[in-house]
Amino acid sequence: MHPLRAVLVERATPRLVELLAAALDGTGPAIAPLDAGLPRARLAGLIDALRPGAVVDTEGVTSARSGPYAGVAEGTAVVVGTSGSTGVPKGVELSAAALRHSARASLDRVGARACERWLCCLPATHVAGLAVLVRSLVSGTEPVLAERADAGTVAASGCAHVSLVPTQLQRLLLQGGAHGPTPLAGFSSVLLGGAAAPSDLLKAGRDAGVPVVTTYGMTETCGGCVYDGVPLDGVRAEVRDDGRIWISGPVLFTGYLGPGYRGGPRAPADGWFRTGDLGRLDAAGRLAVRGRADDVITTGGHKVVPGEVAAALQSCPGVREAVVVGQPDPEWGERVVAVVVPADPADPPGPELLRRHVRERLPRYAIPSRVVTVDAVPMLPSGKYDIVRLRQELLRREQTEAESVIY
(Lines give C-alpha, C1' and ligand atoms only; values in the text may rest on other atoms or scores of the structure.)
Protein backbone atom coordinates (compact mmCIF):
# COMPACT_ATOMS: atom_id res chain seq x y z
CA MET A 1 0.00 0.00 0.00
CA HIS A 2 1.05 3.57 -0.72
CA PRO A 3 1.16 6.14 2.13
CA LEU A 4 -1.54 8.81 2.37
CA ARG A 5 -1.24 12.24 3.94
CA ALA A 6 -4.21 14.52 4.67
CA VAL A 7 -3.55 18.19 3.93
CA LEU A 8 -5.78 20.80 5.58
CA VAL A 9 -6.45 23.57 3.08
CA GLU A 10 -7.87 27.05 3.53
CA ARG A 11 -6.97 28.04 -0.04
CA ALA A 12 -4.61 26.88 -2.77
CA THR A 13 -1.01 27.70 -1.86
CA PRO A 14 2.43 27.11 -3.42
CA ARG A 15 3.02 24.53 -0.67
CA LEU A 16 -0.01 22.54 -1.80
CA VAL A 17 1.23 22.68 -5.39
CA GLU A 18 4.59 21.27 -4.22
CA LEU A 19 2.90 18.42 -2.35
CA LEU A 20 0.74 17.67 -5.40
CA ALA A 21 3.78 17.63 -7.68
CA ALA A 22 5.53 15.14 -5.39
CA ALA A 23 2.43 12.97 -5.25
CA LEU A 24 2.20 12.95 -9.06
CA ASP A 25 5.84 11.99 -9.66
CA GLY A 26 5.92 9.47 -6.82
CA THR A 27 8.57 11.21 -4.74
CA GLY A 28 6.01 11.97 -2.04
CA PRO A 29 2.97 10.32 -0.50
CA ALA A 30 -0.52 10.56 -1.92
CA ILE A 31 -2.39 13.58 -0.60
CA ALA A 32 -5.98 14.16 0.48
CA PRO A 33 -6.65 17.93 0.45
CA LEU A 34 -9.40 18.62 3.00
CA ASP A 35 -11.26 21.85 3.66
CA ALA A 36 -9.96 23.23 6.96
CA GLY A 37 -13.14 25.29 7.25
CA LEU A 38 -15.43 22.29 7.59
CA PRO A 39 -17.22 21.92 10.94
CA ARG A 40 -14.87 20.20 13.34
CA ALA A 41 -16.98 17.07 13.72
CA ARG A 42 -17.37 16.65 9.95
CA LEU A 43 -13.66 17.16 9.32
CA ALA A 44 -12.78 14.66 12.05
CA GLY A 45 -15.22 12.15 10.56
CA LEU A 46 -13.66 12.53 7.13
CA ILE A 47 -10.14 12.04 8.48
CA ASP A 48 -11.27 8.96 10.39
CA ALA A 49 -12.86 7.58 7.23
CA LEU A 50 -9.73 8.10 5.09
CA ARG A 51 -7.28 6.96 7.80
CA PRO A 52 -4.22 8.90 6.58
CA GLY A 53 -0.88 8.20 8.19
CA ALA A 54 -0.27 11.89 8.87
CA VAL A 55 -2.05 15.24 8.76
CA VAL A 56 -0.52 18.50 7.52
CA ASP A 57 -2.14 21.53 9.17
CA THR A 58 -2.68 24.95 7.59
CA GLU A 59 0.70 26.11 8.91
CA GLY A 60 2.48 23.29 7.11
CA VAL A 61 3.18 21.29 10.29
CA THR A 62 2.95 17.53 9.77
CA SER A 63 1.70 15.38 12.62
CA ALA A 64 1.43 11.61 12.74
CA ARG A 65 -2.15 10.48 13.14
CA SER A 66 -3.01 8.09 15.91
CA GLY A 67 -5.27 5.16 15.21
CA PRO A 68 -5.55 2.65 12.37
CA TYR A 69 -3.76 3.55 9.15
CA ALA A 70 -5.18 2.54 5.78
CA GLY A 71 -2.89 3.61 2.96
CA VAL A 72 -4.02 3.69 -0.67
CA ALA A 73 -3.46 1.69 -3.85
CA GLU A 74 -0.06 1.93 -5.50
CA GLY A 75 0.01 4.68 -8.06
CA THR A 76 -2.57 6.80 -6.25
CA ALA A 77 -1.65 10.49 -6.19
CA VAL A 78 -4.75 12.19 -4.81
CA VAL A 79 -7.74 11.22 -2.69
CA VAL A 80 -10.67 13.61 -2.97
CA GLY A 81 -12.85 13.40 0.11
CA THR A 82 -16.59 13.92 0.28
CA SER A 83 -18.32 15.75 3.11
CA GLY A 84 -20.60 12.82 3.73
CA SER A 85 -23.74 14.97 3.30
CA THR A 86 -25.44 12.16 1.38
CA GLY A 87 -24.02 9.19 3.26
CA VAL A 88 -20.93 7.82 4.94
CA PRO A 89 -17.84 9.99 4.34
CA LYS A 90 -15.52 8.51 1.74
CA GLY A 91 -12.67 9.36 -0.57
CA VAL A 92 -12.17 8.86 -4.30
CA GLU A 93 -8.72 7.55 -5.22
CA LEU A 94 -7.23 9.11 -8.36
CA SER A 95 -4.03 7.73 -9.82
CA ALA A 96 -1.19 9.87 -11.11
CA ALA A 97 -1.64 8.26 -14.53
CA ALA A 98 -5.34 9.15 -14.66
CA LEU A 99 -4.73 12.72 -13.56
CA ARG A 100 -1.93 13.22 -16.08
CA HIS A 101 -4.00 11.77 -18.93
CA SER A 102 -6.89 14.04 -18.02
CA ALA A 103 -4.60 17.07 -17.95
CA ARG A 104 -2.91 16.29 -21.26
CA ALA A 105 -6.20 15.60 -23.01
CA SER A 106 -7.64 18.85 -21.65
CA LEU A 107 -4.60 20.86 -22.74
CA ASP A 108 -4.78 19.34 -26.20
CA ARG A 109 -8.50 19.98 -26.55
CA VAL A 110 -8.27 23.70 -25.71
CA GLY A 111 -5.06 24.13 -27.68
CA ALA A 112 -3.04 25.36 -24.70
CA ARG A 113 0.53 26.34 -25.47
CA ALA A 114 3.45 25.55 -23.18
CA CYS A 115 3.91 29.15 -22.05
CA GLU A 116 0.25 29.79 -21.18
CA ARG A 117 -0.70 29.91 -17.52
CA TRP A 118 -3.84 28.78 -15.71
CA LEU A 119 -5.79 30.77 -13.14
CA CYS A 120 -6.99 28.68 -10.18
CA CYS A 121 -9.94 30.29 -8.43
CA LEU A 122 -11.83 27.11 -7.49
CA PRO A 123 -11.36 25.25 -4.18
CA ALA A 124 -8.35 22.95 -4.29
CA THR A 125 -10.23 20.48 -2.10
CA HIS A 126 -12.47 19.66 -5.06
CA VAL A 127 -11.48 17.93 -8.26
CA ALA A 128 -12.10 20.98 -10.48
CA GLY A 129 -9.58 23.09 -8.58
CA LEU A 130 -7.08 20.23 -8.36
CA ALA A 131 -7.40 19.64 -12.11
CA VAL A 132 -6.30 23.23 -12.79
CA LEU A 133 -3.18 22.65 -10.69
CA VAL A 134 -2.44 19.35 -12.44
CA ARG A 135 -2.78 20.98 -15.88
CA SER A 136 -0.27 23.61 -14.81
CA LEU A 137 2.19 21.01 -13.55
CA VAL A 138 1.85 18.87 -16.68
CA SER A 139 2.34 21.89 -18.95
CA GLY A 140 5.35 23.08 -16.95
CA THR A 141 3.80 26.41 -15.99
CA GLU A 142 3.17 28.02 -12.61
CA PRO A 143 -0.52 28.43 -11.75
CA VAL A 144 -1.83 31.75 -10.56
CA LEU A 145 -3.60 31.10 -7.27
CA ALA A 146 -6.56 33.32 -6.42
CA GLU A 147 -9.04 33.25 -3.55
CA ARG A 148 -11.87 34.65 -5.64
CA ALA A 149 -12.81 35.26 -9.25
CA ASP A 150 -13.56 38.99 -9.22
CA ALA A 151 -13.00 41.20 -12.26
CA GLY A 152 -9.84 42.83 -10.91
CA THR A 153 -8.18 39.53 -10.01
CA VAL A 154 -9.05 37.92 -13.34
CA ALA A 155 -7.95 40.91 -15.41
CA ALA A 156 -4.63 41.20 -13.57
CA SER A 157 -3.83 37.47 -13.64
CA GLY A 158 -2.09 37.44 -17.01
CA CYS A 159 -3.50 33.95 -17.58
CA ALA A 160 -4.81 32.38 -20.78
CA HIS A 161 -6.98 29.67 -19.25
CA VAL A 162 -9.36 29.32 -16.31
CA SER A 163 -11.99 26.97 -14.93
CA LEU A 164 -15.18 28.50 -13.55
CA VAL A 165 -18.60 27.49 -12.30
CA PRO A 166 -21.68 29.19 -13.83
CA THR A 167 -22.18 31.57 -10.90
CA GLN A 168 -18.63 32.91 -11.30
CA LEU A 169 -19.09 33.45 -15.02
CA GLN A 170 -22.38 35.21 -14.47
CA ARG A 171 -20.87 37.60 -11.92
CA LEU A 172 -17.88 38.37 -14.13
CA LEU A 173 -20.16 39.17 -17.06
CA LEU A 174 -22.19 41.52 -14.86
CA GLN A 175 -19.02 43.20 -13.57
CA GLY A 176 -17.76 43.58 -17.11
CA GLY A 177 -21.04 45.11 -18.21
CA ALA A 178 -20.78 47.68 -15.45
CA HIS A 179 -17.11 48.55 -15.87
CA GLY A 180 -16.34 47.92 -19.54
CA PRO A 181 -15.39 44.74 -21.46
CA THR A 182 -15.40 41.49 -19.51
CA PRO A 183 -11.95 40.57 -18.17
CA LEU A 184 -12.45 37.09 -19.64
CA ALA A 185 -12.43 38.29 -23.24
CA GLY A 186 -8.64 38.01 -23.42
CA PHE A 187 -8.58 34.37 -22.31
CA SER A 188 -7.95 31.52 -24.73
CA SER A 189 -10.34 29.17 -22.95
CA VAL A 190 -12.84 29.36 -20.11
CA LEU A 191 -13.84 25.90 -18.94
CA LEU A 192 -17.31 25.94 -17.40
CA GLY A 193 -18.52 23.08 -15.22
CA GLY A 194 -19.67 22.05 -11.77
CA ALA A 195 -23.34 22.68 -12.55
CA ALA A 196 -25.64 23.03 -15.54
CA ALA A 197 -25.13 26.35 -17.31
CA PRO A 198 -28.26 28.18 -18.55
CA SER A 199 -28.33 28.59 -22.33
CA ASP A 200 -28.79 32.35 -21.90
CA LEU A 201 -25.62 32.52 -19.82
CA LEU A 202 -23.64 30.63 -22.47
CA LYS A 203 -24.96 32.94 -25.17
CA ALA A 204 -24.19 36.04 -23.13
CA GLY A 205 -20.66 34.83 -22.52
CA ARG A 206 -19.98 33.99 -26.15
CA ASP A 207 -21.59 37.23 -27.33
CA ALA A 208 -19.16 39.05 -25.02
CA GLY A 209 -16.22 37.29 -26.64
CA VAL A 210 -15.64 34.77 -23.88
CA PRO A 211 -14.34 31.43 -25.26
CA VAL A 212 -16.62 29.27 -23.10
CA VAL A 213 -16.14 25.48 -23.19
CA THR A 214 -18.77 23.52 -21.28
CA THR A 215 -17.41 20.53 -19.39
CA TYR A 216 -19.02 17.44 -17.90
CA GLY A 217 -17.44 15.06 -15.46
CA MET A 218 -17.11 14.23 -11.80
CA THR A 219 -14.52 13.30 -9.21
CA GLU A 220 -14.50 9.69 -10.44
CA THR A 221 -13.39 10.88 -13.90
CA CYS A 222 -10.69 13.31 -12.70
CA GLY A 223 -13.11 16.15 -13.36
CA GLY A 224 -14.32 17.23 -16.78
CA CYS A 225 -13.94 14.49 -19.38
CA VAL A 226 -16.52 15.64 -21.95
CA TYR A 227 -16.02 19.08 -23.51
CA ASP A 228 -18.89 20.71 -25.40
CA GLY A 229 -20.54 17.30 -25.57
CA VAL A 230 -17.49 15.53 -27.03
CA PRO A 231 -15.39 13.14 -24.87
CA LEU A 232 -11.70 13.93 -24.44
CA ASP A 233 -9.21 11.77 -26.30
CA GLY A 234 -9.25 8.23 -24.92
CA VAL A 235 -12.60 8.73 -23.17
CA ARG A 236 -15.88 7.12 -24.22
CA ALA A 237 -19.37 8.17 -23.15
CA GLU A 238 -22.57 6.20 -23.69
CA VAL A 239 -26.21 6.58 -22.74
CA ARG A 240 -27.60 3.12 -22.10
CA ASP A 241 -31.11 1.73 -21.85
CA ASP A 242 -31.38 2.87 -18.22
CA GLY A 243 -30.96 6.47 -19.40
CA ARG A 244 -27.75 6.81 -17.40
CA ILE A 245 -24.48 8.21 -18.70
CA TRP A 246 -21.67 5.64 -18.67
CA ILE A 247 -18.00 6.65 -18.91
CA SER A 248 -14.87 4.63 -19.71
CA GLY A 249 -11.26 5.49 -20.37
CA PRO A 250 -7.92 6.16 -18.68
CA VAL A 251 -9.34 9.00 -16.57
CA LEU A 252 -11.38 6.70 -14.32
CA PHE A 253 -10.75 6.54 -10.59
CA THR A 254 -8.97 3.64 -8.90
CA GLY A 255 -11.57 3.04 -6.22
CA TYR A 256 -13.26 4.38 -3.12
CA LEU A 257 -11.68 4.75 0.30
CA GLY A 258 -13.75 4.57 3.45
CA PRO A 259 -15.27 2.28 6.07
CA GLY A 260 -17.81 0.77 3.68
CA TYR A 261 -15.30 0.13 0.89
CA ARG A 262 -12.25 -1.47 2.48
CA GLY A 263 -11.68 -4.89 1.02
CA GLY A 264 -14.49 -4.33 -1.47
CA PRO A 265 -14.54 -3.69 -5.20
CA ARG A 266 -12.19 -1.12 -6.68
CA ALA A 267 -12.78 0.56 -10.03
CA PRO A 268 -15.49 -0.94 -12.28
CA ALA A 269 -14.30 -4.37 -13.39
CA ASP A 270 -15.46 -3.91 -16.99
CA GLY A 271 -13.87 -0.48 -17.31
CA TRP A 272 -17.20 1.38 -17.43
CA PHE A 273 -18.43 3.73 -14.71
CA ARG A 274 -22.19 4.16 -14.30
CA THR A 275 -22.72 7.78 -13.35
CA GLY A 276 -25.62 9.17 -11.40
CA ASP A 277 -26.64 11.38 -14.33
CA LEU A 278 -29.24 11.03 -17.04
CA GLY A 279 -28.25 11.98 -20.57
CA ARG A 280 -29.01 11.80 -24.24
CA LEU A 281 -27.02 11.94 -27.47
CA ASP A 282 -28.09 14.43 -30.11
CA ALA A 283 -28.12 13.79 -33.85
CA ALA A 284 -24.42 14.67 -34.07
CA GLY A 285 -23.55 12.25 -31.25
CA ARG A 286 -22.86 15.01 -28.72
CA LEU A 287 -23.70 14.27 -25.10
CA ALA A 288 -26.35 16.35 -23.37
CA VAL A 289 -26.87 15.99 -19.62
CA ARG A 290 -30.51 15.92 -18.56
CA GLY A 291 -29.94 15.95 -14.79
CA ARG A 292 -29.34 13.74 -11.79
CA ALA A 293 -31.13 10.41 -11.78
CA ASP A 294 -31.56 10.62 -7.99
CA ASP A 295 -33.29 13.99 -8.34
CA VAL A 296 -36.08 12.72 -10.60
CA ILE A 297 -39.47 13.80 -9.25
CA THR A 298 -42.34 11.32 -9.39
CA THR A 299 -45.61 13.21 -9.42
CA GLY A 300 -48.92 11.54 -10.13
CA GLY A 301 -47.12 8.58 -11.66
CA HIS A 302 -45.11 10.77 -14.07
CA LYS A 303 -41.35 11.24 -13.89
CA VAL A 304 -39.99 14.79 -14.11
CA VAL A 305 -36.29 15.58 -14.58
CA PRO A 306 -35.65 18.76 -12.54
CA GLY A 307 -32.79 19.88 -14.78
CA GLU A 308 -35.08 20.01 -17.80
CA VAL A 309 -37.65 22.13 -15.96
CA ALA A 310 -34.89 24.42 -14.67
CA ALA A 311 -33.54 24.82 -18.21
CA ALA A 312 -37.00 25.80 -19.44
CA LEU A 313 -37.37 28.35 -16.65
CA GLN A 314 -33.91 29.79 -17.28
CA SER A 315 -34.89 30.50 -20.88
CA CYS A 316 -37.70 32.76 -19.66
CA PRO A 317 -36.95 36.50 -19.87
CA GLY A 318 -36.32 37.98 -16.46
CA VAL A 319 -34.88 34.79 -14.91
CA ARG A 320 -31.26 34.76 -13.82
CA GLU A 321 -31.18 31.36 -12.13
CA ALA A 322 -33.64 28.54 -11.52
CA VAL A 323 -33.47 25.38 -9.45
CA VAL A 324 -36.18 22.72 -9.34
CA VAL A 325 -36.74 20.19 -6.55
CA GLY A 326 -39.44 17.80 -5.47
CA GLN A 327 -41.36 18.11 -2.21
CA PRO A 328 -43.55 15.42 -0.62
CA ASP A 329 -47.24 15.71 -1.42
CA PRO A 330 -50.01 13.56 0.13
CA GLU A 331 -52.03 13.39 -3.09
CA TRP A 332 -49.46 13.34 -5.89
CA GLY A 333 -46.52 11.71 -4.11
CA GLU A 334 -44.29 14.66 -4.93
CA ARG A 335 -44.86 18.11 -6.31
CA VAL A 336 -42.60 20.13 -8.58
CA VAL A 337 -41.21 23.22 -6.85
CA ALA A 338 -39.30 25.92 -8.71
CA VAL A 339 -36.90 28.33 -7.00
CA VAL A 340 -36.18 31.36 -9.16
CA VAL A 341 -33.64 34.18 -8.89
CA PRO A 342 -34.93 37.13 -10.96
CA ALA A 343 -32.61 39.19 -13.13
CA ASP A 344 -34.23 42.32 -11.68
CA PRO A 345 -35.36 41.83 -8.06
CA ALA A 346 -37.60 44.89 -8.40
CA ASP A 347 -39.46 43.36 -11.33
CA PRO A 348 -39.52 39.55 -10.97
CA PRO A 349 -41.45 37.42 -13.47
CA GLY A 350 -44.75 36.26 -11.99
CA PRO A 351 -45.58 32.61 -11.21
CA GLU A 352 -48.19 32.40 -13.97
CA LEU A 353 -45.76 33.69 -16.60
CA LEU A 354 -43.19 31.11 -15.49
CA ARG A 355 -45.73 28.28 -15.51
CA ARG A 356 -46.93 29.28 -18.97
CA HIS A 357 -43.33 29.35 -20.20
CA VAL A 358 -42.80 25.79 -18.96
CA ARG A 359 -46.17 24.64 -20.32
CA GLU A 360 -45.12 25.71 -23.82
CA ARG A 361 -41.97 23.54 -23.65
CA LEU A 362 -42.67 20.53 -21.46
CA PRO A 363 -45.55 18.17 -20.59
CA ARG A 364 -48.23 19.55 -18.29
CA TYR A 365 -47.14 17.36 -15.38
CA ALA A 366 -43.73 19.11 -15.39
CA ILE A 367 -45.24 22.52 -14.65
CA PRO A 368 -44.15 23.73 -11.17
CA SER A 369 -47.05 23.75 -8.73
CA ARG A 370 -45.12 26.06 -6.45
CA VAL A 371 -42.85 28.93 -7.49
CA VAL A 372 -40.62 30.65 -4.93
CA THR A 373 -38.63 33.79 -5.71
CA VAL A 374 -35.35 34.27 -3.81
CA ASP A 375 -32.40 36.66 -3.91
CA ALA A 376 -29.87 33.84 -4.20
CA VAL A 377 -29.69 30.06 -4.14
CA PRO A 378 -27.41 28.54 -1.48
CA MET A 379 -24.20 27.17 -2.96
CA LEU A 380 -21.60 24.59 -1.96
CA PRO A 381 -17.87 25.46 -2.13
CA SER A 382 -17.67 23.30 -5.27
CA GLY A 383 -20.01 25.65 -7.11
CA LYS A 384 -22.96 23.27 -7.06
CA TYR A 385 -26.30 24.19 -5.60
CA ASP A 386 -26.71 23.18 -1.94
CA ILE A 387 -29.92 21.20 -2.41
CA VAL A 388 -30.05 20.00 1.19
CA ARG A 389 -29.95 23.53 2.53
CA LEU A 390 -32.36 24.71 -0.16
CA ARG A 391 -34.92 22.08 0.85
CA GLN A 392 -34.58 23.13 4.48
CA GLU A 393 -35.14 26.77 3.59
CA LEU A 394 -38.18 25.90 1.47
CA LEU A 395 -39.70 23.92 4.32
CA ARG A 396 -39.02 26.73 6.77
CA ARG A 397 -40.54 29.27 4.39
CA GLU A 398 -43.60 27.08 3.85
CA GLN A 399 -44.12 26.81 7.59
CA THR A 400 -43.82 30.56 8.23
CA GLU A 401 -45.43 32.07 5.16
CA ALA A 402 -48.88 31.71 3.66
CA GLU A 403 -48.29 30.86 0.03
CA SER A 404 -50.69 30.04 -2.78
CA VAL A 405 -50.02 26.59 -4.23
CA ILE A 406 -51.76 25.62 -7.46
CA TYR A 407 -52.20 21.98 -8.44
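The structure we're discussing is the one just above.
So, a few notes on the structure that sits alongside this text.

Here is what the cut-offs are and how they apply
Residues numbered from 1 in each chain as written. Predicted model: local features only at pLDDT ≥ 70, side-chain atom pairs only at ≥ 80, totals over all residues. Heavy atoms only, no water. Disulfide = S-S within 2.5 Å. Axes fitted to C-alpha atoms, helices over the stretch in contact; angles between N-to-C directions. Helix = DSSP H or I, 4+ residues; strand = E, 2+ residues; numbered from the N terminus. Parallel < 35°, antiparallel > 145°, perpendicular 65-115°, else oblique. Left-handed = near helix turned anticlockwise from the far one by under 90°. Contact = heavy atoms within 4.5 Å. Pairing = 2+ DSSP bridges. Right-handed = clockwise from strand over helix to strand, strands pointing away. Core = buried A, V, L, I, M, F, W, Y, C linked by side-chain atoms within 4.5 Å. Buried < 20%, exposed > 50% of the residue type's maximum accessible area, 1.4 Å probe, protein only.

Under the criterion given, the structure shown has 0 disulfides. This cysteine, C115, is not joined by any disulfide, and C159 carries the nearest cysteine sulfur, 12 Å off. C121 supplies the cysteine sulfur nearest to C120, a cysteine that is in no disulfide, at a spacing of 6.8 Å.

One can describe the packing of helix 1 (residues 14–25) onto helix 4 (residues 127–139) by two numbers: an axis separation of 10 Å at closest approach and a directional angle of 70 degrees. Between helix 1 and helix 4, the crossing angle belongs to the class labelled roughly perpendicular. Judged by the sense of rotation from one axis to the other, the crossing of helix 1 with helix 4 is right-handed. Along its contact with helix 1, which presents L16, V17, L20, A21 and L24, the element helix 4 presents L130, L133, V134 and L137.

Our focus in this paragraph is the pairing of strand 11 (residues 212–218). Where strand 10 (residues 189–192) lies against strand 11, 3 bridges are found, and the strand directions are parallel. Paired with V190 across the bridge in strand 11 is V212. Handedness of the crossover joining strand 10 and strand 11 through helix 7 (residues 199–207): right-handed. Alignment of strand 11 against strand 12 (residues 223–227), held across 4 bridges, turns out to be antiparallel. What sits directly across from G217, in strand 12, is G224. What sits between strand 11 and strand 12 in their antiparallel hairpin is a turn of 4 residues, with C222 showing a positive phi close to 60 degrees.

The next point concerns the nonpolar core. Core analysis: the largest hydrophobic core is formed by 50 residues, its most contacted members being I31, V78, L94, L99 and I247. Not counting residues up to four positions away in its chain, the partners in contact with L94 are T76, A77, V78, V80, L99, V127, T219, C222, F253 and T254. C121, A149, L169 and L184 belong to the second-largest nonpolar core, a separate cluster that totals 21 residues.

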